[in-house]
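The chain contents come next:
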Amino acid sequence: MAEVKKMFIDGEWVLSSSGDSYTLINPATGEPLAEVTKATREDTQRAIAAAKRAFYEDGWCDVEPLKRAELMNAFADEMEAQVEDLARIETMNNGKSLTESTYDVYDSANCLRYFAGLCTKPTGQTYQVPDTNVFGMTVREPFGVVGMITAWNFPISLAMWKLAPALAAGNTVVLKPASYTPLSTIKLFEMMEKVGFPKGVVNLVIGSGSVVGDELAKSDDVDKVAFTGSIEAGQSVMRQAATNMKGICLELGGKSPVVVFDDADYKTAVDGAVFAMFYNQGEVCSAGSRILIQDTIYDKFVKDLVKLTKKIKLGNGLDEGVNMGPLITEDHMHKVLGYIETGIKEGATLLCGGHRATEGALAKGWFVEPTIFGDCTPDMRIVQEEIFGPVLCLQKFHTEAEAVELANHTTYGLAAGVYTENLGKAMRVIRKIRAGITWINEYGPVYNEAPWGGYKQSGIGRELGTYGLDEFSEVKQINVAKTSAPTEWFGTVD
Ligand code: NAD
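These lines cover the structure that appears in this document, whether it is placed above or below. (Residues numbered from 1 in each chain as written. Predicted model: local features only at pLDDT ≥ 70, side-chain atom pairs only at ≥ 80, totals over all residues. Heavy atoms only, no water.)

## Quick look at the pattern of salt bridges
Taken as a whole, this structure holds 22 salt bridges when the rule is applied. In this structure, the salt-bridge partner of Lys199 is Asp10, at a minimum N-O distance of 3.8 Å. Residue Lys199 is found in the loop between α6 (183–195) and β10 (202–204), and its partner Asp10 is found in the loop between β2 (7–9) and β3 (12–14); the two are separated by 189 residues along the sequence. In this structure Lys199 comes out as partly exposed when scored by relative accessible area, which is 48%. On the basis of relative accessible area, Asp10 is assigned to the buried category, the value being 15%. In this structure, Asp263 engages Lys425 in a salt bridge whose closest nitrogen and oxygen atoms are separated by 3.1 Å. Taken together, the positions of Asp263 in the loop between β13 (257–260) and α9 (266–278) and Lys425 in helix α14 (residues 423–432) put the pair 162 residues apart, joining distant regions of the chain. In this structure Asp263 comes out as partly exposed when scored by relative accessible area, which is 27%. Where salt bridges share partners, they join Asp10, Arg53, Asp58 and Lys199 into one cluster. (Salt bridge = Lys/Arg side-chain N within 4 Å of Asp/Glu carboxyl O. Helix = DSSP H or I, 4+ residues; strand = E, 2+ residues; numbered from the N terminus. Buried < 20%, exposed > 50% of the residue type's maximum accessible area, 1.4 Å probe, protein only.)

The structure is reproduced here in structure tokens:
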């Protein structure tokens, strides 16, 4: 029996108090990958207590920002030094190609460095109140204990978007990775232990959402919860967080539109549309899963889109030249295939893909062909619901106003893109689309420097950028009377 992977609580690598564990499956091969411990509610409470002690009693909240920045930079150095190992683990656990895993590692190390930089540059306001004797200022202070719950599609990045700003702001942390993909997060915690984060400051609890996630969301000793995942689980976190009115940051799903006008740079737009949908197997919250194409170029654009999509090479992410891996689990693969069936029944035109890929070694893993549906109409389920796999819906529009209307016609509001060489039009359209993350003449890059988060049901709050640092700190007003003088409101003191 393989050694059971442990979690990190109060500076020690431990197994679950129940002794329970579960088996991870490599999605590319369908074979067992690792055995991982499975935490109980009590284990979670112990991690929260350790984080609370580290914050209030051991004095993490008073550690100089420069010292925190040093630890974070050393952590980033470790990530870069172990990039190959970390990327390999990620690919075997999640399925994504090695190129994409490697990118995630470097980008997450950059995220750490960005927030390590901000850590030593806290900002606030000064303000003048009507009473000229009073001088006012704001300062930012950490929440205390931050609970973090991540999804499986970008395990390293999603952990870092929370860890880096939360630690920079001076919080202590309890992190729960997605149950399917804890391996790279375990590695990150080994690195944090190695570079010397003090006992109890960073804790890793591995287990289910309904136990560990739920406990983090409702515990009175957690001061803020940062969640990435589905709307349904996000709603549950929000309800549980009400128990002690803890702060919430919810990064949820999307069904994001990419609007292509006939005056776009044609090759950039075709390339951008394929990248928008099929990067990371389409398992991307901000995937451009609805491409809206102006009717004047629709037929030609669709032909070239399909041609380029057919060049995508499916395979085990560890293999050279592969640029799309398997989906995360067998269940998820069936869910995505179910949506493809739905699309066909709804009357959309299947232009390419549409099946499980079973050629040769692919038969052992959870592979779905890159799939494109044409002639989609606004109310189809495949247009309205997040599929979270490689299934692209194409819609045709005539006017700018129609493009905006179609773009906004979902309950989501995470991301959007516009392709046109007319900058005025691009700005008009992008400002009318209800989404928090937008691109013009490119689609998809995540910038550590820019706020990440959605409108509508795609979430609450922002990660990354200076907004991300604010998200993990409270604001305090401090009012100072320059000259001491009694108010004499209730009379005088003899
Ligand atoms: P999920 O909601 O099933 O799980 C996300 C995390 O929440 C996991 O760690 C899970 O164990 C935990 N969880 C589940 N139920 C919970 C509960 N009741 N209480 C507390 N925690 C709970 O989502 P998923 O399938 O892992 O991820 C896919 C979803 O995540 C998609 O909707 C995708 O768009 C979204 N996502 C959003 C972003 C973003 O930045 N907006 C990024 C990545 C993924």
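Here the narrative resumes.
## Re the side chain of Asn94
Inspection of the secondary structure puts Asn94 in helix α3 (residues 83–94). Here the side chain of Asn94 touches Trp152 through a polar contact of 2.8 Å, landing on its backbone oxygen. (Polar contact = N/O pair within 3.5 Å; in protein donor to acceptor, adjacent residues only side chain to side chain.)

## Observations concerning the state of the cysteines
All told, the structure shown has zero disulfides when counted by the stated rule. Its sulfur unpaired, Cys393 is 4.2 Å from the next cysteine sulfur, which belongs to Cys376. With a relative accessible area of 0%, Cys393 lands in the buried category. (Disulfide = S-S within 2.5 Å.)

## Digging into the packing of aromatic side chains
All told, the structure shown has 13 aromatic pairs when counted by the stated rule. Taking the centre distance of 4.8 Å and the plane angle of 80° together, the rings of Phe55 and Tyr56 count as edge-to-face. We classify Phe55 as buried; its relative accessible area is 6%. When the centroid spacing of 5.0 Å and the interplanar angle of 85° are considered together, the rings of Tyr114 and Phe115 count as edge-to-face. Pair check on accessibility: Tyr114 and Phe115 agree, each one buried. Taken together through their ring pairs, the aromatic side chains of Trp161, Trp439, Tyr443 and Trp452 make up a single cluster. In this structure, Lys396 packs its charged tip against the face of Tyr298, placed 4.8 Å from the ring centre. Its guanidinium or amino end placed over the ring of Phe261, Lys425 lies 4.4 Å from that ring's centre, counting from NZ or CZ. (Phe/Tyr/Trp six-rings, centres within 6.5 Å; stacked < 30°, edge-to-face > 60°. Lys NZ or Arg CZ within 6 Å of the ring centre and 35° of its normal.)

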